Amino acid sequence: APVSLPPWEYFLAFPDERVSHTEFAQIDLNRDGIPDDLIGAPAYDSTTPGLGRVVVTSGWDGQEFVLFDNTSTEGNDLYGAATVALPDFFGDGHVAVAVGAPLSDSGAADAGRVYVYGGSDHALRLTIDALHADAGLGMAIADLGDVNGDGLADLAIGAPGSATGQQGTVFI
């Protein structure tokens, strides 16, 4: 039976944070039996313009219990433009969280990067970089379930400008 959740609101702490994407996760990140929310704020600015952040809030009361801050110092990379929860992505029994930063310059100018956090401590475990300028890797990310039958979640990553003629590509 569906769980009836209490109403709550999430207020941004800084002007111009602009929540870009909210996913009502079908996975219980804090293991309290109630699905939680991933909230990406790619325009978040505490010290560097447009640094971005992702907040995980409790589905029960809306309280923050995990905060993913962009560790880059470049800013304006849209960290948090896309978020997704991945059940057991690393095979450790814990939910992983993937965060897109499609304008990251880590591989080339505006090539994009995807950060994947996992384990019980939600530590950064994997980064995936595009190598071509203007690829926008991480503009869209999705949990595909277990596509290849290995028992682990599979991830789709969109890069709208990654192919010749700006045709775009989805990586699995």
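Quantities reported herein were computed from a predicted structural model and do not represent experimental measurements.

## Thoughts on the overall build of the chain
- When helices and strands are counted, the chain shows 0 helices and 11 strands.
- Ordering the α and β elements of the chain from the N terminus gives β-β-β-β-β-β-β-β-β-β-β.
- Across the chain, the fraction of contacts at a sequence separation of at least 24, relative to all contacts at a separation of at least 6, is 45%.
- Entry remark: accessible area of the chain is about 8400 Å², with carbon and sulfur atoms responsible for 53%.

## Regarding the sheet that holds strand E11 (residues 169–171)
- What the 3 strands build is an open sheet, ordered E9-E10-E11; its pairing is antiparallel. For this open sheet the edge positions go to strand E9 (140–145) and E11, each flanked by a neighbour on one side alone. Within the sheet, the average angular offset between the axes of one strand and its neighbour, ignoring direction, is 25°.
- Pairing between strand E10 (residues 154–159) and E11: 3 bridges, direction antiparallel. Across the sheet, Gly158 pairs through a bridge with Val170, a residue of E11.

## As for the pairing of strand E8 (residues 123–129)
- Across 6 bridges, strand E7 (residues 113–118) lies against E8 in antiparallel orientation. Each residue of the ladder has a partner; that of Gly118, found in E8, is Ala123.
- In textbook terms, the turn of a hairpin is the stretch between consecutive antiparallel strands, and for E7 and E8 this stretch comprises 4 residues, one of which, Gly119, has a positive phi near 80°.

## Things to note about the side chain of Asp36
- For Asp36, the position within the fold is in the loop between strand E1 (21–24) and strand E2 (37–41).
- One buried charged side chain, Asp36, makes no salt bridge at all; its nearest oppositely charged neighbour is Arg31, positioned 9.3 Å away.
- Side-chain polar atoms of Asp36 contact the backbone nitrogen of Leu29, separated by 3.0 Å.
- Of note is the side chain of Asp36, whose polar atom sits 3.3 Å from the backbone nitrogen of Asn30.

## A look at the pattern of salt bridges
- What the rule picks out here adds up to 2 salt bridges.
- Here Asp92 ties to Arg125 by a salt bridge, and the two come within 3.1 Å at their closest N and O atoms. Here Arg125 lies in strand E8 and Asp92 lies in the loop between strand E5 (82–86) and strand E6 (96–101), a separation of 33 residues in the sequence.
- A relative accessible area of 31% places Asp92 in the partly exposed class.
- Assessed through its relative accessible area of 42%, Arg125 is described here as partly exposed.
- Two residues, Asp129 and Arg113, come together in a salt bridge whose shortest N-O distance is 2.5 Å. Placement of Asp129 in strand E8 and of Arg113 in strand E7 is noted, with a sequence separation of 16 residues between them.
- A relative accessible area of 30% places Asp129 in the partly exposed class.

## Some thoughts on the sheet that holds E7
- Within the open sheet, the 4 strands sit side by side as E5-E6-E7-E8. Their pairing is antiparallel. The outermost strands of the open sheet, each flanked by one partner alone, are E5 and E8. Sheet twist, expressed as the average angle between the axes of neighbouring strands with direction ignored, equals 20°.
- Across 5 bridges, E5 lies against E6 in antiparallel orientation. Across the sheet, Leu86 pairs through a bridge with Ala96, a residue of E6.

What counts as what
- Residues numbered from 1 in each chain as written.
- Predicted model: local features only at pLDDT ≥ 70, side-chain atom pairs only at ≥ 80, totals over all residues.
- Heavy atoms only, no water.
- Helix = DSSP H or I, 4+ residues; strand = E, 2+ residues; numbered from the N terminus.
- Contact = heavy atoms within 4.5 Å.
- Areas by Shrake-Rupley, 256 points an atom, 1.4 Å probe, with all protein chains shown as cover.
- Pairing = 2+ DSSP bridges.
- Axes fitted to C-alpha atoms, helices over the stretch in contact; angles between N-to-C directions.
- Buried < 20%, exposed > 50% of the residue type's maximum accessible area, 1.4 Å probe, protein only.
- Lys, Arg positive; Asp, Glu negative; His and termini not counted.
- Salt bridge = Lys/Arg side-chain N within 4 Å of Asp/Glu carboxyl O.
- Polar contact = N/O pair within 3.5 Å; in protein donor to acceptor, adjacent residues only side chain to side chain.

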